[in-house]
Amino acid sequence: MRIGIIGGGAAGMAAAVTAAECGAQAVILEKNDRIGKKLLATGNGKCNLSNLQFSCGCYHSSDPQRLPPILAQFTVEDTLVFFQRLGLMIKEKSGYVYPQCEQASAVLDVLRFALEYRNVELETDCRVVGIEKTGKCFLVHIERNDGHYVREFDRIILACGSKAGLKKETDENGMELAAALSLRRIPYTPALVQLRCGEPFFKALAGVRCHAQVMLATEEGELAETGELQLTDYGISGIPVFQLSGYAVRALRRQKTLPAFLDFMPDTDEETWDRTLLARRKMLEFENMEQFFTGTIHKKIVGVILKLSGIRPQDKVGEVPAKRLLEVGQKMKRLPVTVTGANGFAQAQVCAGGIRLTEMTDCLETRRHRGLYAAGEMLDVDGRCGGYNLQWAWTSGVVAGRAAAGTVNPHRTGSDKNNTNDKNNKNKKTGIGSK
């Protein structure tokens, strides 16, 4: 079985390793000069492989009901076994799974070694510009610097990735191929990306990092995430912002702006915070307002909120009415900001959108074209921060690779494989390392 895998990212490599293990002749066609470029940047270079706190609710798709039967075929446990079998030592931190050395390059290396050992052909610096179905075969039209040529395959796996992280935001090679094949698609939008806000005071807050809660007021209700917030000269960034950015981008497609609120005291409820401020006011009435808030939240944030409240830093606490002091405290708990947009694809970690899951079978074969499969960001699935998007890459790549090789019942779950080596390795498994 000759399988052409278009794209040498995480999903493409997982598909190629799996297909080769199932006895297929796998070929990766990669447009870049080497495979796995994006993988090196994941997890800030540490490569957050997966997450033990896994659930289908960690993913977004236009067809969410299609996700469970796909995700069940290759689980987080299967991912751990897969990489341990390739020789990668693994550890976890609070559920986040990393290579023991915390280097993304190690993950890429074991995948490259696996491809080489299994005789997977790598063809780089080539761009697929067309796919034709002729009888039971596919003709793949390829362009290189030295000209145009055609290769023939029995099966094709589309694993072209998305525009996320690319400097050339116009590059939609995968979606162009999907469109030519009449596959229904959701347009790409940036996900896991920074948000832009309209308030001018952000220029004074650039560079501040703090523990905070971000809340979006969407049409569906309030959505909140807590974690390390990063303030920039144009708006907000950090993990809690990334977790909400997909919702924000989708909401901004329907409306011009989106209300949001920042809570710089997320571990203290409003009533307790009010009582604390009034008690401190009695005790520290001789101090000025800047001194009064020292050690509560970042002093740059204090300065901005005092200015917004019309209070000078040098004003004496005892001379500021209790009501106005509580109003300052309320802004620290719920500072309103206006989200006006998001950064572009070049700054996004992943994209939302892609080929609709209703176009696919459970084994990720397209319903319109027998023998044509898709994996990774080619499909309309995007996950939260924390290893979920790489888990989708491994799952979808392995599911497509197995099915394309034609050796596995696509409806079997990850714990019901016909691969004896995997079962043996599961029995030998001793854990995923120290925390």
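Residues numbered from 1 in each chain as written. Predicted model: local features only at pLDDT ≥ 70, side-chain atom pairs only at ≥ 80, totals over all residues. Heavy atoms only, no water.

Before going further, it helps to examine the overall build of the chain. Helix and strand content of the chain: 13 helices and 21 strands. Taken along the three principal axes of its C-alpha coordinates, the chain extends 85 × 45 × 40 Å. Counting all 435 residues of the chain, 53% fall into the buried class. A separation threshold of at least 6 residues defines the contact pool for the chain, and within that pool the share at least 24 residues apart is 73%. Carbon and sulfur atoms provide 48% of the accessible area of the chain, an area that totals close to 19500 Å². Charge centroids of the chain, computed over 57 positive and 49 negative side chains, lie 1 Å from each other. (Helix = DSSP H or I, 4+ residues; strand = E, 2+ residues; numbered from the N terminus. Buried < 20%, exposed > 50% of the residue type's maximum accessible area, 1.4 Å probe, protein only. Contact = heavy atoms within 4.5 Å. Areas by Shrake-Rupley, 256 points an atom, 1.4 Å probe, with all protein chains shown as cover. Lys, Arg positive; Asp, Glu negative; His and termini not counted. Charge placed at Lys NZ, Arg CZ, Asp CG, Glu CD.)

With that out of the way, let us pick up the sheet that holds strand β9 (residues 137-144). Taken in spatial order, the three strands line up as β8-β9-β10 in an open sheet, and their pairing is antiparallel. What marks the edges here is a single partner per strand, and that holds for β8 (127-134) and β10 (147-153). Each strand of the sheet is rotated relative to its neighbour by a mean of 20°, with strand direction disregarded. As defined by bridge partners, β8 adjoins β9 across seven bridges and the pair is classed as antiparallel. Across the sheet, the residue bridging to Val128 is Ile142, located in β9. (Pairing = 2+ DSSP bridges. Axes fitted to C-alpha atoms, helices over the stretch in contact; angles between N-to-C directions.)

This part covers unusual backbone geometry. Unlike most non-glycine residues, Ser94 shows phi in positive territory, near 55°. Assignment of secondary structure puts Ser94 in the loop between β5 (90-93) and β6 (96-99). Taking relative accessible area as the criterion, Ser94 reaches 65% and is therefore assigned exposed. Of note in this structure, Leu364 is not a glycine but carries a positive phi near 65°. Take Leu364: it is sitting in the loop between β19 (350-355) and β20 (372-374). Leu364 sits in the buried class, given a relative accessible area of 0%.

In this section: the confidence of the model for the chain. In the predicted model, the chain carries a mean pLDDT of 92, and the fraction of residues at 70 or more is 92%. For residues 409-431, every residue scores under 50 in pLDDT, and the model assigns this stretch 35 contacts once sequence neighbours within four places are set aside. (pLDDT = per-residue confidence, 0-100.)

Let us look at the layout of surface pockets. In this structure, the second largest pocket spans a volume of roughly 240 Å³. Taken together, 19 residues make up the lining of the second largest pocket; nearest its centre are His60, Gln243, Tyr247, Arg250 and Arg384. Elements with a contribution of two residues or more to the lining of the second largest pocket: β4 (59-60), β15 (221-231), α7 (239-252) and β21 (382-383). Per-element tally for the lining of the second largest pocket: the top contributor is α7, with seven residues. Looking at the lining of the second largest pocket, its residues break down into nine nonpolar, six polar and four charged. (1 Å grid on protein atoms, 1.4 Å probe; cavity = no way out; pocket = protein on both sides within 12 Å on 5 of 7 lines; lining within 4 Å. Points joined across faces, edges and corners; volume = space filled by probe spheres on them. Nonpolar A, V, L, I, M, F, W, Y, C, P; charged D, E, K, R; others polar.)

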